[in-house]
Amino acid sequence: QVQLVESGGGLVQPGGSLRLSCAASGTIVSIYTMDWYRQAPGKQRVLVASITRDINIYYADYVKGRFTISRDNAKNTVYLQMNSLKPEDTAVYYCRAQVMIATMKTDSYWGQGTQVTVSS
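Residues numbered from 1 in each chain as written. Predicted model: local features only at pLDDT ≥ 70, side-chain atom pairs only at ≥ 80, totals over all residues. Heavy atoms only, no water.

Draft legend 1. Broad picture of the overall build of the protein. When helices and strands are counted, the protein shows 0 helices and 11 strands. Counted from the first residue to the last, the protein has its helices and strands arranged as β-β-β-β-β-β-β-β-β-β-β. Relative to its length of 120 residues, the protein is compact, with a C-alpha radius of gyration of 14 Å against a globular reference of 14 Å. If you line up the protein on its principal axes, its C-alpha atoms span 50 × 25 × 25 Å. Taken across its 120 residues, the protein has 44% of its residues classed as buried. A fraction of 53% describes how many contacts in the protein between residues 6 or more apart in sequence connect residues 24 or more apart. (Helix = DSSP H or I, 4+ residues; strand = E, 2+ residues; numbered from the N terminus. Rg over C-alpha atoms; globule rule 2.2 N^0.38 Å. Buried < 20%, exposed > 50% of the residue type's maximum accessible area, 1.4 Å probe, protein only. Contact = heavy atoms within 4.5 Å.)

Draft legend 2. Representation of the nonpolar core. Judged by nonpolar contacts, the single largest core of 31 residues is most densely connected at W36, L80, M82 and Y93. Where this core is concerned, the elements lending two or more residues are β1 (2-7), β3 (18-26), β4 (28-39), β5 (46-51), β7 (67-72), β8 (77-82), β9 (91-101) and β11 (114-118). Among the elements that line this core, the one with the most residues is β9, at 6 residues. Not counting chain neighbours up to four residues away, the residues in contact with Y93 comprise E6, L20, W36, Y37, R38, V48, F67, L80, M82, G113, T114 and V116. (Core = buried A, V, L, I, M, F, W, Y, C linked by side-chain atoms within 4.5 Å.)

Draft legend 3. Highlighting the pairing of β8. Counting buried positions over the 6 residues of β8 gives 5, a clear majority of the element. Pairing analysis gives 6 bridges linking β3 to β8, with the strands arranged antiparallel. Bridge pairing links L18 to M82 in β8. Hairpin connection between β7 and β8: a loop of 4 residues separates the two successive antiparallel strands, and N76 in this loop has a positive phi of roughly 55°. (Pairing = 2+ DSSP bridges.)

Structure below.
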């Protein structure tokens, strides 16, 4: 009923930048909070940044000042601008959205993930 598709991952050198996108589609009535998570090899999935529909924003301490989350409600899309990337930012990045669908039920949906590798 709802699909989230991420794009924008890849290989980048330390200090470089990437911009991730996550577009939601399906029988969507409204999208509330949209989040970016990441999961490094052998580690748990952790929250990176979160943005509500009325643009209240949260960042994990380890990305503050380097990453910027934004959203385009008209396009049902959330973005993550990542600057000053470090090798420790290497992970699979996932988006999550809290979505009200046509049945008026609200659930959380996940994208398939996009790999970000920071290496020289």
